[in-house]
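Structural description and commentary
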Amino acid sequence: MSILRSLASRDRVFDFLVPVESPVDVRHGPILYLEDVTVSFDGFKAINDLNLTIDDGELRCIIGPNGAGKTTMMDIITGKTRPDSGKVWFGSRHDLLAMNEPQIASLGIGRKFQKPTVFEALTVFENLELAMAADKRILPTLTARMNGEIRDRIDEVLKTIGLAELRVRQAGILSHGQKQWLEIGMLLMQRPRLLLVDEPVAGMTEQEMERTAELLTGLAGKQSVVVVEHDMGFVRSIARKVTVLHQGSVLAEGSMDQVSSDPRVVEVYLGAEAEEEV
Amino acid sequence: MQSRSWLMRPFGERSTLIFLAVLLAAMALVTLMHLAVPPGHSLHVSAYTVNLFGKYLSYALLAVAVDLVWGYLGILSLGHGAFFAMGGYAMGMYLMRQIGDRGVYGHPVLPDFMVFLNWDSLPWYWHGFDMAGFAFLMVLLAPGALALIFGFLAFRSRVTGVYLSIITQALTFALMLAFFRNEMGFGGNNGLTDFREILGFNLRSSETRLGLFLASGVALAVGYLLCRAIVTSKLGRVCVATRDAEARTRFLGYRVERFQLFVFVVSAMLAGLAGALYVPQVGIINPSEFSPLFSIEIVLWVALGGRATLYGAVIGAILVNYAKTVFTGVMPDAWLFALGGLFVLVTVFLPRGVAGLLSLRLRRRRDADASFSAKEASA
Amino acid sequence: MRYPPMPGPAAVGARAGSAAEDSEPMHAATRGSWLMVLVLALAFVLGLTLTAPVSAQEAEAADDTAAQALLEALDVSSFSAKGEAIEAIVRSDDPRARDWLQALLDGRLQRTDDGRFVVALDNSGRQWPVEDALTGEALGEMSRRDLERIGINNALRNQLRSAIAVVDLYAADVGLRRASAERLLGEVDGDLAGPLAKVIEEEPDARVQERLIQALAIYRLEQGEFAAIDDLRGSLHPRVRVAFNRVLNSDDPALVDGAREALNSIEQMLKVNRAVETLYFGLSLGSVLVLAAIGLAITFGVMGVINMAHGELIMLGAYTTWAMQQLLPGQPGLALILAIPAGFLVAALAGIAIERGVIQFLKGRPLETLLATFGISLILQQLVRTVISPLNRTVITPEWMSGSIAINDALSLTLNRMVVLGFALVVFAALVLIMRRTRLGLEVRAVTQNRAMARSMGIRATRVDILTFALGSGVAGLAGVALSQLTNVGPNLGQNYIIDSFMVVVFGGVGNLWGTLVAGLSLGVINQVLEPWAGAVMAKIIVLVFIILFIQKRPRGLFPQKGRAAEG
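Residues numbered from 1 in each chain as written. Chains lettered and ligands numbered in written order. Predicted model: local features only at pLDDT ≥ 70, side-chain atom pairs only at ≥ 80, totals over all residues.

The name given to chain B in an unreviewed UniProt entry is Urea ABC transporter permease subunit UrtC, with Billgrantia antri as the source organism. What UniProt records for chain B under Subcellular location (unreviewed entry) is the sentence "Cell inner membrane". (UniProt positions renumbered as here; feature names shortened; annotations may be inferred.)

Going by what an unreviewed UniProt entry lists, chain A is known as Urea ABC transporter ATP-binding protein UrtD and is assigned to Billgrantia antri.

This is how it looks when you write it as structure tokens:
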């Protein structure tokens, strides 16, 4: 049956690069491993010899002033930007630099954008449906049917992100905070091994932030989570380990207290804040 | 809501049922008024008019094909006329071969224009077109193959938006120039014409014309249902997702370029089918069908009808072409003014088209039809 | 042998100019001696005009009888005798000889019943105005029945033409001498060779001299003289090639080898010539593409606005040129120059109307903008068809733009294309300066990169939009003014350029003026290189397919904008 299906599936025609569908191998250490990664735009080095490892099940916060290379780093991990040099490994088996975005996504890396990106023309329910881990080739997608199991999973996530009442509304009418959550919900539907979350609490109220913090810390352990955030209060509330990026490379790493007492970090942050005020 | 098989799903939609009912009623009415009402009576529909309606229906199918890629995938193709024309040429080649030795020069195999050019044998790509089955297959495969190659290259390198529109326009322009050349073996400037019969039926008889009209109606219904089935499936939602946030869709694990390619090829094949129905009804196919003007006009039909609804495309195609028939008969100079004005008015004042006006009336809260992005409508 | 058409004043001027350049290294190492030559030449011409009438009168008194005898010799039935008589006239050094020979050639040399020779000034109709062939005295009108024509045949016609050429070699007017030297190539025979050598020595004009040397060398080559090859080397004149080819059949192996070798080098030079010509036509086509596309590079590349009516703005510029020439009849040159600002203004105003009327409502919806502006293009085309005419209008090319510059015997570059090429470069340079050096350019770049930020810094973004669009549209108008000199001005003018223009902009890299320049020129050259090999239509198709494939490979063109900003 499965052979028949793969024969009938037209996208197999071009499938030179079908990803090796295997669980991520984390027996030999970290789930994400970046070594000496460098990327430059027009001579400007956005990422400069970056080294970073994330352990399985870890919740890591990444902070740094504007232009430190946080978003570019996420672009590299998810395959949107190719680095000029360096290595990026997912577990010890998957070389992320040899893959494109959908392949990386189907390996189990989910990403939430800095600016909330949901499918505004689709309903909240449909947004989650598309995000759900499933066979994402063409024919299976075309012939996909809804069943009770799927519906239950979506309902469960809807409850988690607090949008159950809005399930049939178009995502375009949601508030900024609701969109943030919907996007997190889409990540949950993907059941990723690694979540990359870019500024999850921007534009949220104090209350919403608390719930988000709860959500993210709840995820850690089962999944690895990397959070990029500006809001220091939020970082302090969830972080166990913090990495400070500056000018494209790691400036400091450690617990929030260690990091915030590091004189180099203080200098960078004060300097950056002083500049911003000018 | 999604438990049916994807192909049966459109039958559960009210809008589709209404559309089918209206289409079938119109086809029955025209047939009745043509056959049962005696000529001379004010309600009689002449063979000429039947023919005209048949032409509109094939245009409507073309518009549905364009709406599938533009409305749901966000790809503004300014080159769909090329697929339409290729389907038309495939049909034209079959019709040419049907002429046999009854051409002006009486050659048993070669069409007149080849005799005129002193060719002594058929070019290889003309072989097989004497068989209806092969020719009808080519009607779908030729445009499909072009769409496959072009789309594969374009989507793989992520050419989108305006760039894609411009190169699709360049594509059809290049094909037009190519087909104008006599050496191409498609009749050059004059194209293919002087057809006599299709599947043994005389093309000039009113029965054949009625048959072609009905065939166009059926093709439109089938094409419409197929497109509806696609857009109401999960794949359709992936398309809309791609249209509104391509990068996000990729990060969810969908190979966006393959979905684009799949829908693009389906759309090209439908356009080819429309062209194949169009050619026997107008009796000629020439390179002007490749002209960028025609391709962009198709887009206007869709825009006027309302994109991302499919039935809007049908309404738009029929409205604009009816207006064209009336205008070019009464005041030919004014037609281009009207057409140009329509482009401006529709885009500026009627971004959701006639269907948008309709759905204001029949507003159903939650319908996959009305999936026109709120962002796009207001921005 | 055919007469070349009379060169227009512009062409003569151009020739004179290049002749002066040619002769400069010979005559003048310093400016002073160059001036002296000029003064001397002036004095010589003045002297001639003063002395000529006097000497003519003297000659008349002395030689009338001899002259009558010369003409009498023509009135014989044998054509070979006539030929000898013509030779005699040429050798006579009679100042009236040229007029007689010309009249004989034209069939206007007549004899009256009483044996006098007359020249008919106009031999159409029944009554011909005539003058005495010897005295030049006007004799009023005579019936053609009273006159008897001195007949000639084709052989004599040829002989007469070269005879006239020889006579012209003594003319004071350098233009006449040049034309005559030109005609002598390949026409020199044994009788002429001797006198010609003398003429060459006395000839003051270097160009005429060079031509005469070649003319003589062709004769010498035919006589089997090996040294003549050196005199002909480097000449690209078709007659020289004919002469060499003829020699290839000669019995003298050294001569054949020499000729072959010379022919090869000529062939080489012709190849270079053809390459230069292709390059020139390519650059010319490219300059047209650049002109048509550069306005688009601003509106599309800088503002991100797809203006499908851009072609029609070009058309408006071309029609403005036509209208200016209608307003200023008889002064096409002045009208053309005035059309430059006028065309810019008309197209810019139309552009502002389009921007204010339509495009501003479609901000951020590029595909809708594309459709709406396409509608505008249809309206503008139809407007021109209805108001002016569906037919092409004629735009006159002023004299200073017509004709061509002869680089050598096989290569001449048309002047109008050169002017357009120069014009395109000037427009391009001006645009680059505007974008780089002016306040407007700075504001445009600011608004392009970050609209909100620019606004908060006090830049009025709407005003910048209008001005940018007006600038881009105005440049389209300029393109139209230039195009009116190269192609037909009709309602479809713009349509023919819109796809090409978009291709150029996309190929060059959107938002990059230099990219547009490079893309336009190179596409023009590629097209011309392909044309002889594939045919005009096929060349265009190949270029289109090439660009389509190129965009797949490099979606952001030749010179892409890099970095994060470009991703947005």
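Looking only at helices and strands, one finds 11 helices and 10 strands in chain A. By the burial criterion, 45% of the 278 residues in chain A qualify as buried. When contacts within chain A are restricted to residue pairs at least 6 apart in sequence, those whose partners lie at least 24 apart make up 69%. (Helix = DSSP H or I, 4+ residues; strand = E, 2+ residues; numbered from the N terminus. Buried ≥ 20, exposed ≤ 12 C-beta atoms within 10 Å, placed from the backbone. Contact = placed C-beta atoms within 7 Å.)

All names here are of chain A. The antiparallel open sheet is built from four strands, whose spatial order is β2-β1-β4-β5. Two strands in the sheet have a free side with no partner beyond their single neighbour: β2 (44-54) and β5 (94-95). Pairing of strand β1 (residues 32-41) with strand β4 (residues 85-90), which is carried by five bridges, proceeds in the antiparallel orientation. Among the inter-strand pairings, T38 is bridged to a residue of β4, identified as S85. Across the face of the sheet, helix α2 (residues 70-77) comes into contact with β1, β2 and β4 while running at roughly 65 degrees to β2. (Pairing = 2+ DSSP bridges. Axes fitted to C-alpha atoms, helices over the stretch in contact; angles between N-to-C directions.)

Residue and element names in this part refer to chain C. Buried within helix α4 (residues 97-106) are the following residues: A97, W100, L101, A103 and L104. Seen from one end, α4 has its buried residues packed into an arc of 160 degrees, which puts them on one side. A positive phi of about 75 degrees marks G107, the residue just after α4. (Arc of directions from axis to C-beta.)

Accessible area lost during the coming together of the parts is what is often quoted as the interface size. Contacts between the two partners involve 30 residues from chain A, matched on the other side by 29 residues from chain B. Elements supplying a minimum of two residues to the side of chain A that touches chain B: α3 (101-107), α4 (124-131) and α5 (138-143) of chain A. For the side of chain A that touches chain B, the residue count by class is 13 nonpolar, eight polar and nine charged. (Nonpolar A, V, L, I, M, F, W, Y, C, P; charged D, E, K, R; others polar.)

All names here are of chain C. With three bridges joining them, strand β2 (residues 117-120) and strand β3 (residues 127-132) adopt antiparallel strand pairing. Opposite V119, over in β3, you have E131 as the bridge partner. Direction of pairing for β3 relative to strand β4 (residues 138-143): antiparallel, over a ladder of four bridges. Pairing of Q127 across the sheet is with S143, part of β4. Once β3 ends, the chain turns through five residues before running back antiparallel as β4, passing G136 with a positive phi of about 75 degrees.

A few words now on the interface of chain B and chain C. On the chain C side, the residues contacting the 40 residues of chain B number 35 residues. Secondary structure elements with two or more residues in the side of chain B that touches chain C: α5 (132-156), α6 (161-180), α11 (292-305) and α13 (332-349) of chain B. With 14 residues, α6 of chain B is the single largest residue contributor to the side of chain B that touches chain C. Grouping the constituent residues of the side of chain B that touches chain C by class yields 29 nonpolar, seven polar and four charged.

Okay, the nonpolar core next. Ranked by size, the top nonpolar core spans 285 residues in total, and within it A63, V64, A90, A170, V299 and L300 of chain B carry the most contacts. Residues within four places of A63 of chain B in sequence aside, it is in contact with I298, W301, V302, A313, V314, G316 and A317 of chain B. If you look at the next biggest cluster of nonpolar residues, it comprises 56 residues, including I86, L156, L192 and I266 of chain C. (Core = buried A, V, L, I, M, F, W, Y, C linked by C-beta atoms within 7 Å.)

Before going further, it helps to spend a moment on the packing of helix α1 (residues 14-35) of chain B against helix α7 (residues 206-232) of chain B. Residue and element names in this part refer to chain B. It is the contact of α1 with α7, at a shortest axis distance of 11 Å, that shows an interaxial angle of 180 degrees. The pairing of α1 with α7 is recorded here as roughly antiparallel in orientation. Of α7, the residues touching α1 (which contributes T16, F19, L20, L23, M27, V30, T31 and H34) are L210, F213, L214, G217, L220, A221, Y224 and R228. (Parallel < 35°, antiparallel > 145°, perpendicular 65-115°, else oblique.)

Glancing now at the packing of helix α11 (residues 253-302) of chain C against helix α15 (residues 415-437) of chain C. All names here are of chain C. Between α11 and α15, the shortest axis-to-axis distance is 9 Å and the interhelical angle comes to 40 degrees. Here α11 and α15 pass one another in a crossing that is left-handed. Contacts from L283, S284, S287, V288, V290, L291 and I294 in α11 reach R417, V420, L421, A424, V427, F428 and L431 in α15. Of the residues assigned to the contact of α11 with α15, the class counts are 11 nonpolar, two polar and one charged. (Left-handed = near helix turned anticlockwise from the far one by under 90°.)

We now examine the sheet that holds strand β1 (residues 109-112) of chain C. Two modes of strand pairing occur in sheets, parallel and antiparallel, and in both the strands are linked by backbone hydrogen bonds. Residue and element names in this part refer to chain C. Reading across the sheet, the five strands line up as β4-β3-β2-β1-β5 and stay open at both edges, with antiparallel pairing between neighbours. In the strand order of this sheet, the two ends are held by β4 and β5 (147-149), each with one partner. Averaged over all pairs of adjacent strands, the angle between their axes in this sheet comes to 45 degrees, without regard to strand direction.

This brings us to the environment of T168 of chain B. Checked against the element boundaries, T168 of chain B lands in helix α6. In contact with T168 of chain B, not counting residues within four places along its chain, are S77, L78 and G79 of chain B.

A few words on unusual backbone geometry. A negative phi angle is the norm for most residues apart from glycine, just as the trans form is the norm for most peptide bonds. The backbone of Q247 of chain A shows a phi angle near 50 degrees, a positive value even though the residue is not glycine. Summarising the element assignment, Q247 of chain A is placed in the loop between β9 (241-246) and β10 (249-254). Its identity as a non-glycine residue notwithstanding, A308 of chain B has a phi of 60 degrees, on the positive side. Within the element layout of this structure, A308 of chain B appears in the loop between α11 and α12 (311-330).

Below, the discussion takes up the confidence of the model for chain A. Residue and element names in this part refer to chain A. When the pLDDT values of chain A are averaged, the result is 82; 88% of them are 70 or greater. Ranking the elements of chain A by mean pLDDT puts helix α1 (residues 2-8) last, at 48, and α4 first, at 93. Low confidence marks residues 274-278, where pLDDT is under 50. Its contacts with residues over four positions away, or in another chain, come to zero contacts. (pLDDT = per-residue confidence, 0-100.)

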